[in-house]
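Residues per chain, in single letters:
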Amino acid sequence: MADSSRRRTVQRLRPFESTIFAEMTELAIAHNAVNLGQGFPDSDGPASMLAAAQQAIADGFNQYPPGRGMPVLRNAIAADRARRYGTEYDPDTQVLVTVGASEAISAAVLGLVEPGEEIILIEPYFDLYAAAVALAGAVRRTATLVPDGDGFALDVDSLRRAITAKTAMLIINSPHNPTGSLLSREELTAVADLAIEHDLIVLTDEVYEHLTFDGREHISISTLPGMYERTVVVSSASKTFSVTGWKTGWACAPAPLIDGIRAAKQWMTFVAGGPFQPAVAHAIEHEQAWIAGLRDDLQKRNALLSTALSEIGFDVRRSEGTYYVCADIAPLYDGDAMSFCRAIPERLGVAAVPVSVFTDHPADWDRLVRFTFCKRDETLHAAIDRLRRIHEAAAEFPDFRHG
């Protein structure tokens, strides 16, 4: 009889058997904490989009959609990219609808990178990227962001050093999770120059493309000279329209790249959810004003949370976009970010995420904590009130200290 207790997970996936989001959410539930760890809103997207999904169900769009995605959504995606970025994609051959941006990223890695080839990630990176590299049997190498005043900038030299003869792909993410930073035109130009010089595919994760603050511009690297033909652009409805549970994403790229992504994607989920696709197409075409309102609301909530964290005593970093703001815990806590995040659901009633889990070099990032502000004002105020108790905790727990 086989030994059922023997570990069965393949070695390359053992580091990814659980996620920090699951751990912190479980702690939040156990201690009735306000969850500022996982990046999902606590309010819904535009009403007309929700109604369109309901209508699609009633109209019978409940069976397999086309493998590439419903034409109505692919057309809307292509038209949107052309209108906002000036990049032309053929909706029949250069746009692929996926089960969220997550599947688009994983399928791109699986379909375009051979086992043993190298993929460069920029630290800190969203943990999905490392798991996708492992799934593909590829090799992970890293470049890094570095402190830049109260924000972050790309260390271009670290990227240059990371490239070898085996490098096949570079994954970038701007607006950036977890730091909330944007890559500037100068930084993207440096990335593009290296990608062209070394003939690299660039996968650009742009799920927060609409959510930039204080008039800052999101620049897609696909628009830079020489980059269209080597870039896979990934985005989704999840963050743009506050429907993270719909898992409706897409990839845009020249046909040879899309063909590779589709070759992997069709054996993973085959197709994405049917009724959501016409609803997302409707929102792309008719709810741009709603997106602008969401961006304005998030900018205000970013300011609300960032100001409060600073007043409490955290050393707060600048957030230029996304759902997130990072804060250094050093003025308030003697331990590292992981122990802080494991302690505060019980002691303060708030959950957050340590930035160190998004990096191969946790010691370089072990004092930063990521908080999300994509919540209603009342949720944020409740979390802020609880975080203010950190000074009371200092009297009871020796690892906390007065700010």
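Residues numbered from 1 in each chain as written. Predicted model: local features only at pLDDT ≥ 70, side-chain atom pairs only at ≥ 80, totals over all residues. Heavy atoms only, no water.

A count of helices and strands for the protein chain gives 14 helices and 14 strands. The contacts of the protein chain with a sequence gap of at least 6 include a subset with a gap of at least 24, amounting to 74%. If you sum the accessible surface of the protein chain, you get close to 16500 Å²; carbon and sulfur atoms cover 50% of it. (Helix = DSSP H or I, 4+ residues; strand = E, 2+ residues; numbered from the N terminus. Contact = heavy atoms within 4.5 Å. Areas by Shrake-Rupley, 256 points an atom, 1.4 Å probe, with all protein chains shown as cover.)

Attention now moves to the side chain of Arg 74. Relative to the helices and strands, Arg 74 resides in helix α3 (residues 71–85). Using a relative accessible area of 7% as the deciding quantity, one classes Arg 74 as buried. If sequence neighbours within four positions are ignored, Arg 74 has contacts with Arg 68, Gly 69, Pro 91, Asp 92, Val 95 and Val 97. (Buried < 20%, exposed > 50% of the residue type's maximum accessible area, 1.4 Å probe, protein only.)

The next thing to look at is unusual backbone geometry. Leaving glycine out, the prevailing phi sign among residues is negative, and the prevailing peptide bond configuration is trans. Here the amide bond leading from Ser 174 into Pro 175 is cis, since omega sits at -5 degrees, within 30 degrees of zero. With respect to the helices and strands, Pro 175 occurs in the loop between β6 (167–173) and α7 (185–198). A cis amide bond links Asn 177 with the next residue in sequence, Pro 178, at an omega value of 25 degrees. Mapped onto the elements of the fold, Pro 178 is located in the loop between β6 and α7. The phi dihedral of Ser 242 is positive, around 55 degrees, even though this residue is not glycine.

Bringing the sheet that holds strand β10 (residues 315–316) into the picture now. Here we have 4 strands laid out as an open sheet, ordered β10-β11-β14-β13, and antiparallel in their pairing. The sheet is open, and its two edges are formed by β10 and β13 (353–354), each paired on a single side. Pairing geometry for β13 and strand β14 (residues 368–372), over 2 bridges, is antiparallel. Looking at β14, one finds that Pro 354 is bridged to Val 369. (Pairing = 2+ DSSP bridges.)

Let's shift gears to the packing of helix α4 (residues 100–112) against helix α5 (residues 127–135). Running from N to C, α4 and α5 point in directions that differ by 35 degrees, and their axes come no closer than 9 Å. Seen along the crossing, α4 lies across α5 with a hand that is right-handed. In contact with Ser 102, Ile 105, Ser 106, Val 109 and Leu 110 of α4, α5 contributes Leu 128, Tyr 129, Ala 132, Val 133 and Leu 135. Its residues placed into classes, the contact of α4 with α5 shows 8 nonpolar, 2 polar and no charged. (Axes fitted to C-alpha atoms, helices over the stretch in contact; angles between N-to-C directions. Left-handed = near helix turned anticlockwise from the far one by under 90°. Nonpolar A, V, L, I, M, F, W, Y, C, P; charged D, E, K, R; others polar.)

Time to look at the sheet that holds strand β5 (residues 151–154). Backbone hydrogen bonds are what pair the strands of a sheet, in a parallel or an antiparallel way. Here we have 8 strands laid out as an open sheet, ordered β2-β9-β8-β7-β6-β3-β4-β5, and mixed in their pairing. Strands with a single pairing partner mark the edges of an open sheet, and in this sheet they are β2 (95–99) and β5. Within the sheet, the average angular offset between the axes of one strand and its neighbour, ignoring direction, is 25 degrees. Direction of pairing for strand β3 (residues 118–123) relative to β6: parallel, over a ladder of 4 bridges. Among the inter-strand pairings, Ile 120 is bridged to a residue of β6, identified as Leu 170. The sheet strands contacting α3 are β2, β8 (231–236) and β9 (248–252), and the helix crosses β2 at an angle near 115 degrees.

Our focus in this paragraph is the nonpolar core. Of all hydrophobic cores here, the largest spans 78 residues; its most connected members are Val 232, Phe 314, Phe 340 and Phe 371. With 7 residues, the single largest contributor to this core is α4. Inspection of this core shows a minimum of three residues originating in each of domain 1 (11–45 + 288–393) and domain 2 (47–287). Within the second largest apolar cluster, 29 residues are counted, among which are Ala 162, Ala 190, Ala 195 and Trp 365. (Core = buried A, V, L, I, M, F, W, Y, C linked by side-chain atoms within 4.5 Å. Domains from an automatic or database assignment.)

If you check which residues of helix α12 (residues 337–347) are buried, you get Ala 337, Met 338, Phe 340, Cys 341, Ala 343, Ile 344 and Pro 345. As for α12, its buried residues are in contact with α1 (20–30), β12 (350–351), β13, β14 and α14 (390–396). By the N-cap criterion, in which a side-chain oxygen at the helix start approaches the backbone nitrogen of a residue two or three places on, α12 is capped by Asp 336, the distance to Met 338 being 3.3 Å. (Polar contact = N/O pair within 3.5 Å; in protein donor to acceptor, adjacent residues only side chain to side chain.)

Here the focus is the domain arrangement of the protein chain. Taken domain by domain, the protein chain comprises domain 1 (11–45 + 288–393) and domain 2 (47–287). Each of domain 1 and domain 2 was reduced to a C-alpha centroid, and the two centroids are 24 Å apart. Taken together, the contact between domain 1 and domain 2 spans 39 residues of the former and 47 residues of the latter. Around 3800 Å² of area is buried between domain 1 and domain 2 when both sides are counted, 57% of it from carbon and sulfur atoms. Of all residues in domain 1, Gln 288, Arg 318 and Glu 320 give up the largest surface area on contact with domain 2, accounting jointly for 19% of the area buried on that side. At the boundary of domain 1 with domain 2, the tally comes to 3 salt bridges. One salt bridge in this structure joins Asp 360 and Arg 140, with 3.0 Å as the shortest N-O distance. (Buried area = accessible area lost by both parts, 1.4 Å probe. Salt bridge = Lys/Arg side-chain N within 4 Å of Asp/Glu carboxyl O.)

What follows covers the UniProt feature "domain: Aminotransferase class I/classII large" (unreviewed entry) in the protein chain. Per the UniProt record, the feature "domain: Aminotransferase class I/classII large" (unreviewed entry) sits at residues 33–387. Note that residues 33–387 is 40% helix and 19% strand, and that its end C-alpha atoms are spaced 11 Å apart. (UniProt positions renumbered as here; feature names shortened; annotations may be inferred.)

Time to look at the packing of aromatic side chains. Overall, the coordinates contain 17 aromatic pairs when judged by the stated rule. In this structure an aromatic cluster arises from ring pairing among Phe 314, Tyr 333, Phe 340, Phe 371 and Phe 400. Of note, Arg 370 hangs over the ring of Tyr 324, and the distance from its end group to the ring centre comes to 3.8 Å. The cationic tip of Lys 375 hangs over the ring face of Phe 40; the distance from NZ or CZ to the ring centre is 3.7 Å. (Phe/Tyr/Trp six-rings, centres within 6.5 Å; stacked < 30°, edge-to-face > 60°. Lys NZ or Arg CZ within 6 Å of the ring centre and 35° of its normal.)

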